[in-house]
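What follows is each chain in one-letter form.
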Amino acid sequence: MIKVENISIRAGEFALDDISLRVPAGKYGVLMGKTGSGKTTILESILGLRSVTSGRIRLADEDVTHLNPAVRGIGYVPQDGALFSRMSVRDHLAFALHIRHVDRKTTEERVRELADMLHITPLLERTPLGLSGGERQRVALGRALSFRPRVLCLDEPLSALDTDTRVQMCELLNDVRRLTGVTTLHVTHNLDEAERLADCLFRLTDGKIETKTNP
Amino acid sequence: MTSEPSAESAGQREYGRRRSLGSIKLSNATFYACLSIIGGTYVLLIIAMLLADATYMVDQTFKSAAKSPTPWQTALSENPIATAFADPKIRYSIWLSLVSCTLAAVISLIVAVPMGYLLSRHQFPGKRLLDAVLDIPIVLPPLVVGLSLLILFQFPPFAWFARSIVYQVPAVVIAQFSVACAFAVRTMKSTFDHIDPRCEKVAVTLGCSRAQAFGRVVLPEASRGMMTAFTLAWARALGEFGPLLIFAGATRMKTEVLSTSVFLEMNVGNIEGAVAVSLIMVAAAILVLIVTRVWGVRDVTL
């Protein structure tokens, strides 16, 4: 479960107040809003990359409001992927597991499993250079899911893709949700994406959130 | 087909007159010709300078060879570059240059990486001031840097070490470092500026500490910039002269580096010797350029 309770965020001149939203466990939440409305800011607060001035953030009933982002256990897919240009696709999928001291055998199995789920097995030895937009996003998704997070945060993951690839990626995201049961918050400004994916839809307009469950 | 009136059907007239194709083409050609000529002049100047050095050298070699009974042998063994290499003073100066420049560049890089990262990623009070301070070695006249170092070593705690540093070999490295480092910091800052900060954010959410994110994600991405910073610092150190003359002196077989050799040879009227040493420096500079480019190209195609 992702539960944001009345948080306020200050970022220079920009401010958001009294923001609340709730994505039930295993559900897919989509947060919509115009460019510059503060969607990414809210996502970064949940991830712990930006501190909140008041309010609470709970993940599966654990209060993480002031927890270091490294120990929140959230998978994060940023815009355009932000892949590590010096690492192979395999290294991307294994990165979090190395950091968490997972043994070699389990890591290899997990990498195989992820590559299989995301259809990137043929890409494992390649570096991000020369991957297509859809491939990059699948690698970024695999990296985020690698350590089996309870919560997944996606920041406009499909905005740079063409329409066909976007439809494919939506299907893949639906598969991922079905297979992993991860609670997801997906930020986008694309209504089509929202309709394909959302269990609960949040619309951010003028600093206020409007919730629509099961659109 | 729409039923709305279009600009074509309404018979609207364009304002003004279109320029003739010929005049646009002529104007474009003139524009690029001007760009090429202005830019080309500078490139020609650079190449002409190096060619002049080389020609002068060849000329001198032939002049002395013509007087000798065995011209080819003389040309090979007694040309100014061979003479320079045979001179133990010059050999020492080459050796000291290589060692001191490498040391200065390594220390510069060690300082520049953390400094560049802090400047690129973090906001802190006094950042603008720090940024301005880092420009001082770049804009300050080199002689003033040397004099300032000399004066600095009059005061404790520096004065305690003055005997083993000032006019000694360490002074060479310190003088080179104090200027070269500023260039390395600038290079590293711009390198880190070009690395997407979201890479570190992702690394942190995956469970990395700040240091792990820096070491495992940022540094590998910055390796090319580090190579550039190192090269730039090395080349800068090789050309350093003013601060060296004042802070380290120009003692033969002690604090003499290649730029000092050029100066000393010129002073005693040995222009051939000075040009020969200059050519050695040109060769070193070109070698550094080639090494960086080769390394860089392999890097890109990775």
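Nothing here was measured: the structure is a model prediction, and the numbers come from that model. (Residues numbered from 1 in each chain as written. Chains lettered and ligands numbered in written order. Predicted model: local features only at pLDDT ≥ 70, side-chain atom pairs only at ≥ 80, totals over all residues. Heavy atoms only, no water.)

A.B. asks: Just checking my understanding: could you explain the overall build of chain B for this structure?
C.D. replies: Helices and strands together make up the secondary structure of chain B, namely 13 helices and 0 strands. Secondary structure elements of chain B, listed N to C terminal, follow the sequence α-α-α-α-α-α-α-α-α-α-α-α-α. Radius of gyration (C-alpha) of chain B: 28 Å, far over the 19 Å computed for a compact globule of 302 residues. When the backbone C-alpha atoms are referred to their principal axes, chain B occupies close to 95 × 60 × 40 Å. Residue pairs in contact within chain B that sit at least 24 positions apart in sequence constitute 74% of those at least 6 positions apart. A total accessible area of about 18200 Å² is found for chain B, and carbon and sulfur atoms account for 70% of it. Side-chain charges in chain B split into 25 positive and 18 negative, and the spacing between the mean points of these groups amounts to 3 Å. (Helix = DSSP H or I, 4+ residues; strand = E, 2+ residues; numbered from the N terminus. Rg over C-alpha atoms; globule rule 2.2 N^0.38 Å. Contact = heavy atoms within 4.5 Å. Areas by Shrake-Rupley, 256 points an atom, 1.4 Å probe, with all protein chains shown as cover. Lys, Arg positive; Asp, Glu negative; His and termini not counted. Charge placed at Lys NZ, Arg CZ, Asp CG, Glu CD.)

A.B. asks: Is there a simple way to think about the domain arrangement of chain B in this case?
C.D. replies: A common way to express how large an interface is: the accessible area buried when the components associate. All names here are of chain B. The domain boundaries assigned to chain B delineate domain 1 (23–60) and domain 2 (88–301). Contacts between domain 1 and domain 2 engage 6 residues on the former and 6 residues on the latter. Summed over both sides, the interface between domain 1 and domain 2 buries roughly 540 Å², with carbon and sulfur atoms accounting for 80% of that surface. The three residues of domain 1 that bury the most area against domain 2 are Asp53, Tyr56 and Met57, which together make up 70% of that side's buried surface. (Domains from an automatic or database assignment. Buried area = accessible area lost by both parts, 1.4 Å probe.)

A.B. asks: What's the story with empty space enclosed by the protein in this structure? I'm lost.
C.D. replies: Where empty space is left can be seen by rolling a probe of water-molecule size over the atoms. Residues and elements named next belong to chain A. All told, the structure shown has 1 cavity of 30 Å³ or more when counted by the stated rule. Computed from the structure, the largest cavity encloses a volume of approximately 40 Å³. If you go around the largest cavity, the residues you meet are Val77, Gln137, Leu141, Leu154, Pro157, Leu158, Met169 and Leu173. At the level of elements, helix H4 (133–145) and helix H5 (163–180) are the ones that each hand at least two residues to the lining of the largest cavity. Along the lines of polarity and charge, the residues of the lining of the largest cavity split into 7 nonpolar, 1 polar and no charged. (1 Å grid on protein atoms, 1.4 Å probe; cavity = no way out; pocket = protein on both sides within 12 Å on 5 of 7 lines; lining within 4 Å. Points joined across faces, edges and corners; volume = space filled by probe spheres on them. Nonpolar A, V, L, I, M, F, W, Y, C, P; charged D, E, K, R; others polar.)

A.B. asks: Would you mind going over the side chain of Thr61(B) with me for this structure?
C.D. replies: Here Thr61(B) is to be found in helix H1 (residues 21–67). For Thr61(B), a relative accessible area of 11% puts it in the buried group. (Buried < 20%, exposed > 50% of the residue type's maximum accessible area, 1.4 Å probe, protein only.)

A.B. asks: So what exactly am I meant to see when it comes to unusual backbone geometry here?
C.D. replies: Residues apart from glycine generally show negative phi values, whereas peptide bonds are mostly found in trans. Following Pro156(B), the chain continues into Pro157(B) via a peptide bond in cis, with omega recorded as 5 degrees. As for its position among the elements, Pro157(B) is in the loop between helix H6 (142–152) and helix H7 (162–165). Even without a glycine there, the phi angle at Asp61(A) is positive, about 65 degrees. By secondary structure assignment, the location of Asp61(A) is in the loop between strand E4 (54–59) and strand E5 (62–63).

A.B. asks: How should the interface of chain B and chain A be read in this particular structure?
C.D. replies: The interface is formed by 21 residues belonging to chain B together with 26 residues belonging to chain A. Around 2000 Å² of area is buried between chain B and chain A when both sides are counted, 62% of it from carbon and sulfur atoms. Looking at the side of chain B facing chain A, the largest losses of area belong to Arg198(B), Thr205(B) and Leu206(B), adding up to 34% of the total buried there. At the junction of chain B and chain A, the tally comes to 2 salt bridges. When the shortest N-O distance is used, the salt bridge between Glu44(A) and Lys201(B) registers 3.1 Å. There are 5 residue pairs in polar contact (both at pLDDT 80 or more) connecting chain B and chain A. At the level of secondary structure, the elements contributing two or more residues to the side of chain B that touches chain A comprise helix H9 (197–205), helix H10 (210–239) and helix H13 (271–301) of chain B. Split by residue class, the side of chain B that touches chain A holds 10 nonpolar, 4 polar and 7 charged. (Salt bridge = Lys/Arg side-chain N within 4 Å of Asp/Glu carboxyl O. Polar contact = N/O pair within 3.5 Å; in protein donor to acceptor, adjacent residues only side chain to side chain.)

A.B. asks: For this particular structure, what's the right way to read the environment of Asp103(A)?
C.D. replies: All names here are of chain A. Considering the arrangement of structural elements, one finds aspartate 103 in the loop between helix H2 (89–99) and helix H3 (104–117). The sequence separation of aspartate 103 and serine 37 amounts to 66 residues, and the corresponding C-alpha distance is 43 Å. Only 2.7 Å separates the side chain of aspartate 103 from the side chain of threonine 106, close enough to count as a polar contact.

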